Amino acid sequence: HLTEHGPRSIYDTAENQLALDYIIAQLESWGFTEGDRTDIPAYMVQSFVTDDDDYQAFYLKNIIVHIPANSPEPTGEALMFMGHTDSVPMGQGASDDGVPVATMLEAIRHYTQKMAQGYTISNDLVFCFVNGEEFGLYGSEAFMEEFTGFHQVVKRIRFGTNLESRGTSGTLIMFETAANNYNTVKLFCEVNKNVFTCSIATMIYNEMPNGTDFSNYKDFYQGVNMANIAEGENYHTQNDSPQNISESALTQQAQIINRLLDKLGNYDLDSLYEAEENAIFFSYLNIGDVVYNHTVSVVLAVIGILLLIANIVLSVIFKKKNLVK
């Protein structure tokens, strides 16, 4: 549905709007109300104007979805999932960012249905369908700087997940986090089953000139940034089509959203901010993830040096013995 009218870039205004209309139609079919309501599942359309010297001004819209906590003791805090609705002019954007938008919509449908059947959460849920990512991260910037709805939800968010794509298949990669991420990474690795992750990827990405919507909020929230990267030759081309999307690209994003929501719906989000250091972490042989702090890394380095010295000493001793013989 998102791709059937072709590219939905900010230049393709009619097609861009059709994608937003489809999202709104889905929300309303599930009982969501439009308006600044925090007592029921609701959505708001945030209109904004881009301001960039490199491009003309564009009149764009975000769709912000809010699902209030339904437990007897709500925390007043929120966790957020974000994906962008626009594509580049030369591509249908099935993977970038159609897959995240589709999986976010399915998560909204699934969890509102579960909550209606008695499932409870103490943290509010926010799903941000932001616009204009491809030409300046406009939508996420407008959300962070201008959106005031749902009882100032921008200030109440304590964890953010950004969903992206750099290809049309392959293993989902968690490649970026916020600073002081030790507790966040530990939590992520507790729920992770099939997402590849590595702190080296985070280090390398931080040195690159690239940016995603995560760039606009990683200095404010703890969170994670994820993307598929295989078949990158389809990225930003007409080949980014539904026909080239692998089933795993959908299921992996759906599964990690589901696991994060189940874990964080009643989680003490403030505890993620107690860490004052970054984690060292990596996925290991499809078995799980290894996470440790810098103190452990120093200990491991010392052990490694001692083993190297022992190896050199033993080599010299055995060499002398052989010479004597």
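Residues numbered from 1 in each chain as written. Predicted model: local features only at pLDDT ≥ 70, side-chain atom pairs only at ≥ 80, totals over all residues. Heavy atoms only, no water.

A closer look at the overall build of the protein chain
A tally of helices and strands in the protein chain yields 8 helices and 11 strands. Taking the principal axes of its C-alpha atoms as reference, the protein chain extends roughly 90 × 50 × 40 Å. Classification of the 325 residues of the protein chain by burial places 49% in the buried group. Long-range pairs, those at least 24 residues apart, make up 79% of the contacts in the protein chain with a sequence separation of at least 6. Put simply, the protein chain shows about 15,400 Å² of open surface, and 54% of that area lies on carbon and sulfur atoms. Computing the positive centroid from 18 side-chain charges and the negative centroid from 41, the protein chain places the two 17 Å apart. (Helix = DSSP H or I, 4+ residues; strand = E, 2+ residues; numbered from the N terminus. Buried < 20%, exposed > 50% of the residue type's maximum accessible area, 1.4 Å probe, protein only. Contact = heavy atoms within 4.5 Å. Areas by Shrake-Rupley, 256 points an atom, 1.4 Å probe, with all protein chains shown as cover. Lys, Arg positive; Asp, Glu negative; His and termini not counted. Charge placed at Lys NZ, Arg CZ, Asp CG, Glu CD.)

Focus: the state of the cysteines
If you walk through the whole model with that rule in mind, you get 0 disulfides. You can see Cys-198 has no disulfide; the closest cysteine sulfur is in Cys-189, sitting 11 Å from it. (Disulfide = S-S within 2.5 Å.)

Quick notes on the pairing of strand β10 (residues 280-284)
Note that β10 and strand β11 (residues 288-292) share 5 bridges and pair antiparallel. Following the sheet pairing, Phe-282 is matched in β11 by Val-290. Connecting the antiparallel pair β10 and β11 is a turn made up of 3 residues, with Leu-285 showing a positive phi of about 50 degrees. (Pairing = 2+ DSSP bridges.)

Focus: unusual backbone geometry
Put simply, Asp-96 and Asp-97 share a cis peptide bond, and its omega is 15 degrees. Checked against the element boundaries, Asp-97 lands in helix α2 (residues 94-116). At Phe-150, a position not held by glycine, the phi torsion is positive, near 55 degrees. With respect to the helices and strands, Phe-150 occurs in helix α4 (residues 149-156). Overall, Phe-150 belongs to the buried group, its relative accessible area being 0%. Even without a glycine there, the phi angle at Gln-152 is positive, about 55 degrees. As for its placement among the helices and strands, Gln-152 is situated in helix α4.

Quick word on the environment of Ile-229
With respect to the element layout, Ile-229 can be found in strand β9 (residues 222-230). With 79 residues separating them along the chain, Ile-229 and Phe-150 place their C-alpha atoms 34 Å apart. When residues no more than four places from it in sequence are discounted, the contact partners of Ile-229 are Arg-166, Gly-167, Ser-169, Thr-171 and Ile-173.

Thoughts on a nonpolar patch on the surface
On the surface, Val-302, Ile-305, Leu-306, Ile-309, Val-313, Leu-314, Ile-317 and Phe-318 cluster together into a nonpolar patch covering about 730 Å² of accessible area. With respect to the helices, strands and loops of the structure, Val-302 is situated in helix α8 (residues 294-324). (Patch = residues over 30% accessible without salt bridge, like charges linked within 9 Å, V, L, I, M, F, W, Y side chains within 5 Å. Salt bridge = Lys/Arg side-chain N within 4 Å of Asp/Glu carboxyl O.)

Observations regarding the sheet that holds strand β8 (residues 196-197)
On the basis of which strands lie adjacent, the open sheet formed by 9 strands has the order β1-β2-β3-β5-β4-β6-β9-β7-β8 and mixed pairing. Two strands bound the open sheet, and with one partner strand each, they are β1 (33-34) and β8. Pairing analysis gives 5 bridges linking strand β3 (residues 59-67) to strand β5 (residues 124-130), with the strands arranged antiparallel. Among the inter-strand pairings, Ile-64 is bridged to a residue of β5, identified as Cys-128. Packing of helix α1 (residues 13-29) onto the sheet brings it into contact with β2 (42-49), β3 and β5, and relative to β3 it is tilted by some 20 degrees. Packing against the sheet, α2 makes contact with β3, β4 (78-84), β5 and β6 (157-165), and its axis sits at approximately 135 degrees to β6. (Axes fitted to C-alpha atoms, helices over the stretch in contact; angles between N-to-C directions.)

Section: the nonpolar core
Core analysis: the largest hydrophobic core is formed by 48 residues, its most contacted members being Phe-127, Phe-129 and Met-226. Counting residues in each nonpolar core, the second largest holds 19 residues, with Met-80, Met-82, Val-126 and Val-154 among its members. (Core = buried A, V, L, I, M, F, W, Y, C linked by side-chain atoms within 4.5 Å.)

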